[in-house]
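Now for the letters of each chain:
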Amino acid sequence: MSMIGEYLRVTAAELGRAIQDPDWALDFAEEVQDAEEESEPAPTEARHFSTSKTWDMLGFLLMRADFPVDVIHGEEPFAEDEDWGYGPPRYLRSERVRLAARALRATTYDQLVSGVHPADLTEADVYPLAGAYPLGWDEPGALEWGRHWYDGLTQFFEAAAAADDAMLVWLD
């Protein structure tokens, strides 16, 4: 099994409903994921986005950069008794999505990896652990693995911010 970082853009009304009815939220998230699997929209057009297995790597890099929003795990709990794969989901209110979008745009991937050595990720037990897919942290180019996902996450958050959307966040 793999741990995958998942995001769903939601309107204010959808967020309210999700908080009140977590079962509806999970069904809605799965419905959007299924629909977008076939159409594969760009991050700027999508309602669902995944950072794949890079979620922990990106979290490590963002934490080192004192990022102002927890875009990896979300900030506010809901459905605390639910398990959406690897624990309950969390969410970001629209104002936190806007702050995250600005901060993501202002922070380049090169800035995030500056001064980071692959051994730092191994020492911090960043998922996936060394030797796991796609490569171990000690392999050449390991730090480049997250660039594509970071760029997509930035675009996804910018589109959500422009629409004044909130965000559901979970690990699956």
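Quick summary incoming for the structure in this document. Everything numeric here is computed off the predicted structure, so don't read it as measured data.

1. Section: the pairing of strand E1 (residues 5–10)
Working step 1: The element E1 is largely enclosed, with a buried count of six among its six residues.
Working step 2: Pairing of E1 with strand E2 (residues 48–52) involves four bridges; the strand directions are antiparallel. Bridge pairing in E2 links Tyr7 to Phe49.
Working step 3: When E1 meets strand E5 (residues 166–171), the two strands line up antiparallel, connected through six bridges. Bridging from a neighbouring strand, Tyr7 pairs with Val169 of E5.

2. Overview of the packing of aromatic side chains
Working step 1: Overall, the coordinates contain nine aromatic pairs when judged by the stated rule.
Working step 2: On the basis of an interplanar angle of 25 degrees and a centroid distance of 5.4 Å, the ring pair of Phe49 and Phe156 is categorised as stacked. Pair noted here: Phe49 is in strand E2 and Phe156 is in helix H7 (residues 147–162), with a separation of 107 residues, a long-range link. When sorted by exposure, Phe49 lands in the same class as Phe156, which is buried.
Working step 3: One aromatic cluster in this structure is built from Phe78, Trp84, Tyr91 and Trp170.

3. Details of the pattern of salt bridges
Working step 1: Scanning the entire structure with this criterion turns up eight salt bridges.
Working step 2: In this structure, Asp164 and Arg98 form a salt bridge, with 2.4 Å as the shortest nitrogen-oxygen distance. Of this pair, Asp164 sits in the loop between H7 and E5 while Arg98 sits in helix H4 (residues 94–106), and the two are 66 residues apart along the sequence.
Working step 3: For the salt bridge of Glu158 with Arg105, the shortest nitrogen-to-oxygen distance reads 2.6 Å.

4. Digging into helix H2 (residues 22–39)
Working step 1: Along its 18 residues, H2 runs 26 Å from first to last C-alpha, staying within 8% of the 26 Å computed at 1.5 Å per residue.
Working step 2: Packed against the buried residues of H2 are E1, helix H1 (12–20), E2 and E5.
Working step 3: Of the residues trailing H2, Glu40 is marked for its positive phi of about 45 degrees.

5. With respect to a negative patch on the surface
Working step 1: Taken together, the side chains of Asp21, Asp23, Asp27, Glu30, Glu31, Asp34, Glu37, Glu38, Glu40 and Asp172 make up a negatively charged region of the molecular surface.
Working step 2: Considering the arrangement of structural elements, one finds Asp21 in the loop between H1 and H2.

So, how was this worked out
Residues numbered from 1 in each chain as written. Predicted model: local features only at pLDDT ≥ 70, side-chain atom pairs only at ≥ 80, totals over all residues. Heavy atoms only, no water. Buried < 20%, exposed > 50% of the residue type's maximum accessible area, 1.4 Å probe, protein only. Helix = DSSP H or I, 4+ residues; strand = E, 2+ residues; numbered from the N terminus. Pairing = 2+ DSSP bridges. Phe/Tyr/Trp six-rings, centres within 6.5 Å; stacked < 30°, edge-to-face > 60°. Salt bridge = Lys/Arg side-chain N within 4 Å of Asp/Glu carboxyl O. Expected span 1.5 Å × (residues − 1). Contact = heavy atoms within 4.5 Å. Patch = residues over 30% accessible without salt bridge, like charges linked within 9 Å, V, L, I, M, F, W, Y side chains within 5 Å. Areas by Shrake-Rupley, 256 points an atom, 1.4 Å probe, with all protein chains shown as cover. Lys, Arg positive; Asp, Glu negative; His and termini not counted. Charge placed at Lys NZ, Arg CZ, Asp CG, Glu CD.

Any functional reading would require information that these geometric values do not contain.
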